[in-house]
Amino acid sequence: MRPSKVGTLTQFLDGWGLPPPAPQSLLHIAMEDALQRLRPARFAKVLEFRGLHGELVKLMEEVSEPAACGPELAGLFAEVESRLNQQGFALRTPRLQAAAEKLRSGEAAGPELTIFDGFFSLAPAEVAFLGALAQRSSVIVTLPAPHAGLAEAGFVNERLEGARRQPKRVLFAAATPEREVEEIARRILEQAESGRRFREMGVVLRSREPYAPLMETTLARFGIPARGYFLDPLGSHAAVAYLLGVVRALLAGWDHEALNALLRIPVSGVGATPEGDRFDFALRELLPGRGLPVAGLRNPPAVLEELQRLGNWRREKLEPSEWAGRLKALGSLVIRPSAAVELPGREQLDGWRSTAAAVAKFGEIADQVAAFAGGGRVALESLWKKIETALAVEAMPAEDRRRDVVHIMDVYEARQWELAVVFVCGLTERVFPRYHGENAVLGDAARKRLGLLTSVDLQTEERLLFDIAATRATGQVVLSYPRFDERGEETLASFLLNGEPAEEAELRVRPKPKREIAPAALGPVKISPNKHLRLSATSIEDFLQCPFKYFARKTLKLRERPPAPRDRLSVLVQGSILHRALAEVWRAPLLGVGVLDQVFERECAQLRVPRTYRTEAVRLELLRHFESFLDDRQVELGWDWRVEEQFEFELKEGLTIRGRIDRLEANRDRKALVIDYKYSTQVKGRVEETESGGLVQGGLYLIAAEKAFGLEPVGMLYCGLKGKVAWEGWHAPVAGLNVGEACHGGRIRELMETAEKKATETRQGILDGRVEAQPADEKKCAWCDYRDICRIETLGAENVRGAGG
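Residues numbered from 1 in each chain as written. Predicted model: local features only at pLDDT ≥ 70, side-chain atom pairs only at ≥ 80, totals over all residues. Heavy atoms only, no water.

## Comments concerning the overall build of the protein
Secondary structure summary: the protein contains 28 helices and 20 strands in total. Whereas a compact globule of 805 residues would reach a radius of gyration of roughly 28 Å, the protein reaches 36 Å, over 25% beyond that. Counting only C-alpha atoms and orienting by the principal axes, one finds that the protein spans roughly 120 × 70 × 60 Å. In the protein, the share of contacts with a sequence separation of at least 24, taken over all contacts with a separation of at least 6, comes to 74%. Summed over its atoms, the accessible surface of the protein is roughly 42700 Å², and 51% of this surface lies on carbon and sulfur atoms. Separation of charge centres in the protein, based on 111 positive and 113 negative side chains, amounts to 3 Å. (Helix = DSSP H or I, 4+ residues; strand = E, 2+ residues; numbered from the N terminus. Rg over C-alpha atoms; globule rule 2.2 N^0.38 Å. Contact = heavy atoms within 4.5 Å. Areas by Shrake-Rupley, 256 points an atom, 1.4 Å probe, with all protein chains shown as cover. Lys, Arg positive; Asp, Glu negative; His and termini not counted. Charge placed at Lys NZ, Arg CZ, Asp CG, Glu CD.)

Okay, structure coming up:
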């Protein structure tokens, strides 16, 4: 049969001289407008919900007699139909009724033979049309069960027994959905290696969600060409999503956070580029804010100038057709002239085609909505709401001409397919089969009275859908399900499997590299052996923990992405606020706890922290800890204090140590006690790590007291400020000092010598060019800023393989 002879029922009716069918986009817009005008009492709280609009549109297209739905729905449907008729469109049911009337009157006859396939059920208007058509020509209808309405119209029921295909059946269970899909990828590659073409295999899903995105990305990871047979909303295409974001940001007054997220999309021409990364860092530091141009932003990307020129749109009122023209012109933001690319790859060509098609469809929708809106000057915002509705429901035509691909489809699409090998995944309760409740708009009793499907009918249909999915293969059908869901909770295998035993898929699968690449040897970074280094205790501790961490932070000077305003009150910032407040209260003790509020307000203003519930909660917590410290009397020696004391001294030739001591106490005999504040509850762990040689701050600060301030160090204490005030550390016997570990003077000297040795070794390691990812404590990798680039997991696996010979 020629492909031109195969089409949908809607296409079949197009040649009958009937009004064109109403596009889904205009149906939803008309329903949305009708709800706003009529405001039915039963829908008052959910008028703005697109889910409600979709359910009402679906019901409106199903019913043959709107009056039987009740006065509220009948009035609503009449309002929508009247508006569509004024625009020259017709609904599905009236089109079927008009076609049936033409058949009865002899105005139309239809083809000699018409076959209706792929229907699971028939609406009353469809039954009436088929009955009228059967009076004029031969009609064959395939259905999963006998239909009483067709029998009454004179159709003869012929039951087809048995299945034409008897594939080999395999069932396996995997630990998780991710593992399940990886196992499917492995089996596809296994089939391909045995000579099976990709186009002879397919994956059948109950519906797109939740498996299709996971399946598509996993097959791509394994290098398996695949095509999905799903209709995506036009608004989900990257180019259209960008244009949507541009107009939304414009109407919102160019909020900088939304603008930044928008320009990180690669189709903007800024995202995924070095310039885009710099812009992202710079703008995030200026958040929150709104408006263009962005005050304080250096070297803004050129696209901001283009967007700034749209600023007047918010205040203008134009004819809908004029707005449509302007919106279509926005396509230049994503389709830009560029230098010729020599021999572009298939992926690049497909991307260009897809973007061009999406932008063209965006323009069509703008024109269509503008024509539907009628005349009269309007603000962009009122028209844009309708365009957004249209973009959310209008399908994006997918053009994929590849032939040798694995086919991914839902079970409705699968009914017309026949493949050698078929995989049916996600066979757990509530995924396949689904469970259907009563329709929220029209209950089962009313639906049954109108001849529409009820929740019982839909539930019965789930068995049929499974039988369809399991019989699409001619050679082998592979069924599968995960034992645990994405939350780690145990699943229940689908009852459709009837307790069939499943083989366990436990082998972990990873994609094979496309090509072997010898690991690059990390050669030393050449540094002059005579270079003089100025290091802080933190830098030395970074190197001791992992040379790569020091290399990334100090040599490459890599920075973390600046936090969003709501995340700026980090633990580090909170600790800094407490440190400054403690220093200032020492200088102005009469101010007491008021100092903390002053420092907190100053810091929040500088960091542009928004005033939120969390901000106030953090302030109150800091205040509580600050008061606890001021009330603490465990360390009161009566010695002279210095706070926030900067120091710098030469430890060895070629090595200078710099830093700042939070609190330095000294008596008349020039004996000194060094105190360092930590906004933490784990100060005891810091003491233990210092004694093991992993930390050097304590020892270096003791040396600083001696070399930089000319004092005799007799103790080093850490003070934990978070929660209950805690004191840990070491000190020689001092009258009135009863915290920390009292030890002899030799122990203090030993801490200093160990720190000096570690600092010297660190200098030598830096000068030797050590940059390897070799953490001393792998547990700390979990919160390292550079964990995503050091490849410590890969290196660990290489070491294991190397050890295994």
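Moving on from the coordinates now.
## Some points on the confidence of the model for the protein
This prediction gives the protein a mean pLDDT of 90; 95% of its residues lie at or above 70. A low-confidence stretch, residues 796–805 stays under pLDDT 50, and its non-local contacts, those more than four residues away or across chains, total zero contacts. (pLDDT = per-residue confidence, 0-100.)

## Some points on the packing of helix α22 (residues 571–587) against helix α24 (residues 613–631)
Relative to each other, α22 and α24 sit at 45°, their axes nearing to 11 Å. One element, α22, and the other, α24, form an angle in the oblique class. As for how α22 packs across α24, the hand of that crossing is right-handed. Where α22 approaches α24, its residues Gln574, Ile577, Leu578, Ala581, Leu582 and Val585 are matched on the opposing element by Arg614, Val618, Glu621, Leu622, His625, Phe626, Phe629 and Leu630. Residues that form the contact of α22 with α24 fall into these classes: ten nonpolar, two polar and two charged. (Axes fitted to C-alpha atoms, helices over the stretch in contact; angles between N-to-C directions. Parallel < 35°, antiparallel > 145°, perpendicular 65-115°, else oblique. Left-handed = near helix turned anticlockwise from the far one by under 90°. Nonpolar A, V, L, I, M, F, W, Y, C, P; charged D, E, K, R; others polar.)

## Quick look at the nonpolar core
Most often, soluble globular proteins have nonpolar side chains that are buried together. Of all hydrophobic cores here, the largest spans 74 residues; its most connected members are Leu84, Tyr242 and Leu307. The dominant element in this core, judged by the number of residues it contributes, is helix α10 (residues 238–251), at nine residues. Those residues in contact with Leu307, other than ones at most four positions away along the chain, are Val246, Trp254, Leu259, Leu263, Leu292 and Leu333. Formed by 38 residues, the second largest nonpolar core is a distinct cluster that contains Leu655, Val687, Tyr701 and Ala759. (Core = buried A, V, L, I, M, F, W, Y, C linked by side-chain atoms within 4.5 Å. Buried < 20%, exposed > 50% of the residue type's maximum accessible area, 1.4 Å probe, protein only.)

## Details of the environment of Ala469
Here Ala469 lies in helix α19 (residues 455–470). Taking the C-alpha atoms as reference points, Ala469 and Glu413, separated by 56 residues in sequence, lie 9.8 Å from one another. Residues in contact with Ala469, not counting those within four places in the same chain, are Val204, Val411, Val422, Val424, Phe432 and Val477.

## Some thoughts on the packing of helix α2 (residues 24–38) against helix α4 (residues 71–86)
Where α2 meets α4, the axes come as close as 9 Å, and the angle between the chain directions of the two elements is 130°. Here α4 runs oblique to α2, going by the angle between their axes. Where α2 crosses over α4, the handedness of that crossing is right-handed. Of the residues in α4, those in contact with Leu26, Leu27, Ile29, Ala30, Met31, Asp33, Ala34, Leu35, Arg37 and Leu38 of α2 are Gly75, Leu76, Phe77, Glu79, Val80, Arg83 and Leu84. Taken together, the residues of the contact of α2 with α4 sort by class into twelve nonpolar, one polar and four charged.

## Things to note about the sheet that holds strand β13 (residues 503–504)
Strand order in this open sheet of seven strands is β5-β10-β4-β11-β12-β3-β13, and the pairing throughout is parallel. Edge positions in the sheet fall to β5 (226–228) and β13, since each has one partner strand and no second. Pairing between strand β3 (residues 168–174) and strand β12 (residues 473–482): seven bridges, direction parallel. What sits directly across from Leu171, in β12, is Leu479. Each of β4 (201–205), β5 and β10 (406–410) touches helix α9 (residues 212–221); the most contacted strand, β10, lies at about 175° to it. (Pairing = 2+ DSSP bridges.)

## Things to note about the pattern of salt bridges
With the rule as written, the count across this model stands at 58 salt bridges. Between Arg95 and Asp14 there is a salt bridge, and its shortest N-O distance comes to 3.0 Å. Here Arg95, found in helix α5 (residues 92–105), pairs with Asp14, found in the loop between α1 (9–13) and α2; they are 81 residues apart in sequence, far enough to count as distant. Overall, Arg95 belongs to the buried group, its relative accessible area being 3%. Close ionic contact of Glu750 with Arg747 constitutes a salt bridge, the shortest N to O distance being 3.7 Å. (Salt bridge = Lys/Arg side-chain N within 4 Å of Asp/Glu carboxyl O.)

## Some remarks on the pairing of β3
Of all seven residues in β3, five are buried; the element is thus mostly enclosed. Inspection of the sheet shows β3 paired to β13 by two bridges, in the parallel sense. Bridging across to β13, Ala173 finds its partner in Glu504.

## With respect to the pairing of β10
The buried fraction of β10 is high, at five of five residues. Burial of β10 is two-sided: the residues Val406, Ile408 and Asp410 facing one way and the residues His407 and Met409 facing the other way are all buried.

## Here we look at unusual backbone geometry
In the segment running from Glu209 into Pro210, the intervening peptide bond is cis, with an omega of 5°. Summarising the element assignment, Pro210 is placed in the loop between β4 and α9. Of the consecutive residues Leu287 and Pro288, the connecting peptide bond is found in the cis state with omega at -5°. Counting through the fold element by element, Pro288 comes out in the loop between α12 (274–286) and α13 (302–308). Notably, Arg39 is not glycine yet its phi reads approximately 45°, a positive angle.

## Description of the side chain of Thr93
Mapped onto the fold, Thr93 is located in helix α5. A polar side-chain atom of Thr93 sits 3.2 Å from the main-chain carbonyl oxygen of Glu61. Those residues in contact with Thr93 that lie beyond four places of it in its chain are Glu61, Glu62, Val63, Ser64 and Ala125. (Polar contact = N/O pair within 3.5 Å; in protein donor to acceptor, adjacent residues only side chain to side chain.)

## Remarks on a nonpolar patch on the surface
A surface patch of nonpolar side chains, amounting to about 550 Å² of accessible area, comprises Met1, Val6, Leu113, Ile115 and Ile140. Mapped onto the elements of the fold, Ile115 is located in strand β1 (residues 113–116). On the accessibility criterion, Ile115 (47% relative accessible area) is partly exposed. (Patch = residues over 30% accessible without salt bridge, like charges linked within 9 Å, V, L, I, M, F, W, Y side chains within 5 Å.)

## Description of the environment of Glu190
Counting through the fold element by element, Glu190 comes out in helix α8 (residues 177–193). For the pair Glu190 and Ala68, spaced 122 residues apart in sequence, the C-alpha separation works out to 57 Å.

## A short note on the packing of aromatic side chains
Describing an aromatic ring pair means giving the distance of the ring centres and the angle of the ring planes. In this structure the tally under the stated criterion is 15 aromatic pairs. Consider the rings of Phe647 and Tyr701, whose centres lie 5.5 Å apart with planes at 85°: the pair is edge-to-face. In this pair, Phe647 is assigned in strand β15 (residues 640–652) and Tyr701 in helix α26 (residues 697–707), connecting sequence segments 54 residues apart. Judged by relative accessible area, which is 6%, Phe647 ranks as buried. Judged by its relative accessible area of 8%, Tyr701 falls in the buried class. Grouped by ring-pair contacts, the aromatic residues Phe12, Trp16, Phe116, Phe119 and Phe129 constitute a single cluster. For Arg415, the ring lying beneath its charged end belongs to Phe120, and the centroid distance is 5.1 Å. (Phe/Tyr/Trp six-rings, centres within 6.5 Å; stacked < 30°, edge-to-face > 60°. Lys NZ or Arg CZ within 6 Å of the ring centre and 35° of its normal.)

## Overview of α24
The terminal C-alpha atoms of α24 lie 27 Å apart, and with 19 residues this matches the ideal 27 Å at 1.5 Å per residue to within 8%. Residues Thr615, Val618, Arg619, Leu622, Leu623, His625, Phe626 and Phe629 constitute the buried set of α24. Buried-residue contacts for α24 involve α22, α23 (594–607), β16 (655–666), β17 (671–678), β18 (712–720) and β19 (726–731). (Expected span 1.5 Å × (residues − 1).)

## Side note on the environment of Ala366
One can find Ala366 in helix α15 (residues 346–373). Linking Ala366 and Val593, residues 227 residues apart in sequence, is a C-alpha distance of 60 Å. Contacts of Ala366, omitting those with residues within four sequence positions, involve Ala324, Lys328 and Ile387.

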